[in-house]
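The primary structure of each chain is shown beneath.
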Amino acid sequence: MRLDWLEPDQSARGPLHRIDARVKLLATLALVISVVLLPIGVWRPLGGAAILLAFLIGISGVPPGLLMRRGLAVLPVVVLLAVMIAHSHPMAPALGPWIVGGTILAKNCLTILSVLLLAHVTPFRDLMTALERLRAPTVLVATLLLMYRYLFVLADQLGRMARARRSRSFRNSRWSEWPLGASLIAGLLLRSFERGERVHAAMLARGWDGTFRSLDGPDPPDR
Amino acid sequence: MHIPDNLLSQPVILTTGAVALGGFALGLRRLRTRLRDRTMVLMGVMSAFVFAAQMVNFPLFVVPASGHLIGGVLAAVLLGPWAGALVLGTVLLVQALLFADGGILALGANFVNLGLIASVGGYAIYDPIRKSVGGQSGVLIGAMVAAWFSVLLASLAFTIELAASGYWSDLPRVLGWMTMIHAVIGLGEAMITGLVLRTVLSVRPDLIFDDEGATTRSGRWSRVALGGLAASLAVAAFLAPLASPKDDGLEFVGGRLGFLNDEAGSLLTGPMRDYSIEGLPDIALVTAAVGLIGTLTVFITGLILARAFTQNTQNHNELGPSSPAEKGPEPHAA
């Protein structure tokens, strides 16, 4: 199982890591919104945003190649959609489909890179605390935290089950992959469900009252 | 497929965002009364499960690529429609925040498509079929048909959101392609959902969500309304390409779905006039044929799977290589 891509690499340390997660979250949101709002065919503000982003990536200490690689993973969808709609954009008759498609692509590169940069300079736990302090619903934040915590446990379990499957099934045809994969998912599903029930019982036994507390970082606001 | 940023217009972003927020709040309220304090834990673990289950790759036979489960209907069948939608929503949020997979501003649209339409709408298709067929075969057939439709309906919603962003002239072409591609993707989703549920039914049939006791009159009515909506959307998906060569076909569909406001109307007049429809009837016919064949295929496969399943219930040791793994000692580290 490839677990490395589940968690953005936080090993690089730069000045952006020290900023409050709320600031980073809101700044990223502002950058994304302003890039999305830019009309087609306006290049100068787009260039400005690109320079700003390049500067931020430069001082962040995150390897640019890493961000590019992760960005490339989601770019094919964007290219497909840009090709699909470039001809019929309202601005297409005036500017030509190449400009339209190119602008959509460029704007998407910017938004994708800025979100990836945020993920690489902010631990997920801090991002969630920031969300909570920005008055996101507690249930949502708690669900996301629990999901993130058990993601790696379940992915590990899936890896062990896949290894067991590989070591026991010698004749793998392409057809047998489907029922095998499905039974893998079903087994994981049953274990996840039971694990959820056990975790809940264990949390109740330790006096859980529905709030998450953390030893490091700022306290969540009183509700 | 998640919608990236920069494709939807601001009205669409705001509308889908509002619908998504409303649906999310409604789902949370439903869940709090049903699951009470178990909500967070179960939802968190099940979201992690959906995330992990999407890592299992299934080889495709036609192209050298692999696909994976989406899980909207599977989550709805096991947890109920609203919990399924919320689970999909948290998965989408993490994918957008950590991997930039799907835009931040398009999060509302993605949640409407994959959470509300695929999970809640899929459940609205699954539930009547399950109840009319009955028993465990009903669960299997209903879930497979619903899984197929959920993929198709989600792609249809995506196409409409795109069209409402100012690309009305593309609607027939994009709709045709999207329907064809997603009819095939939906077959895979239906197959995986059916196979997974077969194992679940044989090991822990009590896990299947059942709201028999909790159904009130209002709940039943909303389900009927949702079912009708889903059915009409499905019909629209197949009829829209057929109707579009006629000049008012698009307006008919747009007006029926309530998306054709004045602003979009003015956009319509320009590009629609000189839109060439050469070759379009072919796509339209193929699309309709694909739709019919897909529904039939899913239904028949469901029947076969259900038949094979009921024969196997006497000894579910023969179900597959998964059985030894499931009976292994459970690790107690929670």
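Keep in mind that this is a model prediction, so the values were computed, not measured. (Residues numbered from 1 in each chain as written. Chains lettered and ligands numbered in written order. Predicted model: local features only at pLDDT ≥ 70, side-chain atom pairs only at ≥ 80, totals over all residues. Heavy atoms only, no water.)

A separate point is the overall build of chain B. Within chain B, the secondary structure is distributed over 12 helices and 2 strands. Along chain B, helices and strands appear, N-terminal first, in the series α-α-β-β-α-α-α-α-α-α-α-α-α-α. Out of the 334 residues belonging to chain B, those deemed buried represent 57%. For chain B, the share of sequence-separated contacts (at least 6 apart) that also reach a separation of at least 24 residues comes to 77%. (Helix = DSSP H or I, 4+ residues; strand = E, 2+ residues; numbered from the N terminus. Buried < 20%, exposed > 50% of the residue type's maximum accessible area, 1.4 Å probe, protein only. Contact = heavy atoms within 4.5 Å.)

This paragraph deals with the nonpolar core. Within the largest apolar cluster, 157 residues are counted, with the highest numbers of intra-cluster contacts made by I185(A), F49(B), V196(B) and I208(B). The element that contributes the greatest number of residues to this core is helix α6 (residues 135-164) of chain B, accounting for 17 residues. Apart from residues lying up to four places away in sequence, F49(B) is in contact with L154(A), I185(A), L188(A), L189(A) and S192(A). (Core = buried A, V, L, I, M, F, W, Y, C linked by side-chain atoms within 4.5 Å.)

Turning to the packing of aromatic side chains, a few remarks are in order. Given two aromatic rings, one states the distance between the centres and the angle between the planes to describe the pair. All names here are of chain B. This structure, assessed with the given rule, holds 8 aromatic pairs over all chains. Between Y123 and F209, the ring centres sit 6.0 Å apart and the planes meet at 70°, which makes this aromatic pair edge-to-face. Of this pair, Y123 sits in helix α5 (residues 107-133) while F209 sits in the loop between α7 (171-203) and α8 (217-243), and the two are 86 residues apart along the sequence. For Y123, a relative accessible area of 5% translates into the label buried. (Phe/Tyr/Trp six-rings, centres within 6.5 Å; stacked < 30°, edge-to-face > 60°.)

Here we take up the environment of M84(A). Within the secondary structure layout, M84(A) lies in helix α4 (residues 64-85). For M84(A) and V139(A), which are 55 residues apart along the polypeptide, the C-alpha to C-alpha distance reads 39 Å.

Before going further, it helps to examine the confidence of the model for chain B. Residue and element names in this part refer to chain B. Per-residue pLDDT for chain B averages 72, and the proportion of residues at 70 or more is 60%. Mean pLDDT across the elements of chain B ranges from a minimum in helix α10 (residues 262-273), with 37, to a maximum in helix α3 (residues 72-79), with 90. Taken together, the stretch residues 243-281 has pLDDT below 50 and engages in 33 contacts with residues farther than four places along the chain or on a different chain. Every residue in residues 312-334 scores below 50 in pLDDT, and together they form 29 contacts with partners more than four places removed in sequence or on other chains. Two summary scores accompany this predicted model of the complex, namely pTM at 0.77 and ipTM at 0.87. (pLDDT = per-residue confidence, 0-100.)

Right, let's talk about helix α7 (residues 124-133) of chain A for a bit. Along α7(A), 7 of the 10 residues are buried, which leaves the element largely enclosed by surrounding structure. Taken as a whole, α7(A) has its buried residues at F124(A), L127(A), M128(A), T129(A), A130(A), L131(A) and E132(A). Where the residues of α7(A) are buried, they touch α2 (21-37), α6 (97-121) and α8 (138-168) of chain A together with α4 (81-99) of chain B. Just downstream of α7(A) lies R135(A), where phi reads positive at about 70°.

Let us look at the interface of chain B and chain A. Opposite the 74 residues of chain B that make contact, chain A presents 77 residues. In total, about 7,400 Å² of surface goes out of reach between chain B and chain A, with carbon and sulfur atoms giving 78% of it. The largest contributions to the chain B side of the interface with chain A come from N6(B), M40(B) and L98(B), which together make up 10% of the buried area. Counting across the interface, chain B meets chain A through 1 salt bridge. Counting every contact that joins chain B to chain A gives 3 residue pairs in polar contact (both at pLDDT 80 or more). Residues that form the side of chain B that touches chain A fall into these classes: 53 nonpolar, 11 polar and 10 charged. (Buried area = accessible area lost by both parts, 1.4 Å probe. Salt bridge = Lys/Arg side-chain N within 4 Å of Asp/Glu carboxyl O. Polar contact = N/O pair within 3.5 Å; in protein donor to acceptor, adjacent residues only side chain to side chain. Nonpolar A, V, L, I, M, F, W, Y, C, P; charged D, E, K, R; others polar.)

Our focus in this paragraph is a nonpolar patch on the surface. Side chains of L26(A), L29(A), I33(A), L37(A) and L134(A) sit close together on the surface and give an oily, nonpolar patch of about 390 Å² of accessible area. Relative accessible area serves as the criterion here: at 46%, L26(A) is assigned to the partly exposed category. (Patch = residues over 30% accessible without salt bridge, like charges linked within 9 Å, V, L, I, M, F, W, Y side chains within 5 Å. Areas by Shrake-Rupley, 256 points an atom, 1.4 Å probe, with all protein chains shown as cover.)

A word on unusual backbone geometry. Residues and elements named next belong to chain B. A positive phi angle is found at N6, which is not glycine, with a value near 75°. Position of N6 among the secondary structure elements: in the segment before α1 (10-35). Phi is positive for A100, which is not a glycine, with a value near 55°. Tracing the sequence through the fold places A100 in the loop between α4 and α5. The exposure class of A100 is buried, given its relative accessible area of 7%.

So, on to the environment of P45(A). Note on placement: P45(A) falls in helix α3 (residues 44-60). With 11 residues separating them along the chain, P45(A) and S34(A) place their C-alpha atoms 9.5 Å apart.

Moving on, we come to the packing of α6(B) against α7(B). Residue and element names in this part refer to chain B. Following both chains from N to C, one finds α6 and α7 inclined at 155°, their axes separated by 7 Å at the closest point. Judged on the interaxial angle alone, α7 and α6 are roughly antiparallel. Note that α6 runs across α7; the crossing there is right-handed. (Axes fitted to C-alpha atoms, helices over the stretch in contact; angles between N-to-C directions. Parallel < 35°, antiparallel > 145°, perpendicular 65-115°, else oblique. Left-handed = near helix turned anticlockwise from the far one by under 90°.)

The next thing to look at is the packing of α2(A) against α6(A). All names here are of chain A. One way to put it is that α2 packs onto α6 with a least axis distance of 9 Å and a crossing angle of 175°. Considered as vectors, α2 and α6 are oriented roughly antiparallel to each other. Here K24, L25, T28, L31, V32, V35 and V36 of α2 come into contact with α6, specifically with K107, L110, T111, S114, V115, L118 and V121. Grouping the constituent residues of the contact of α2 with α6 by class yields 9 nonpolar, 3 polar and 2 charged.

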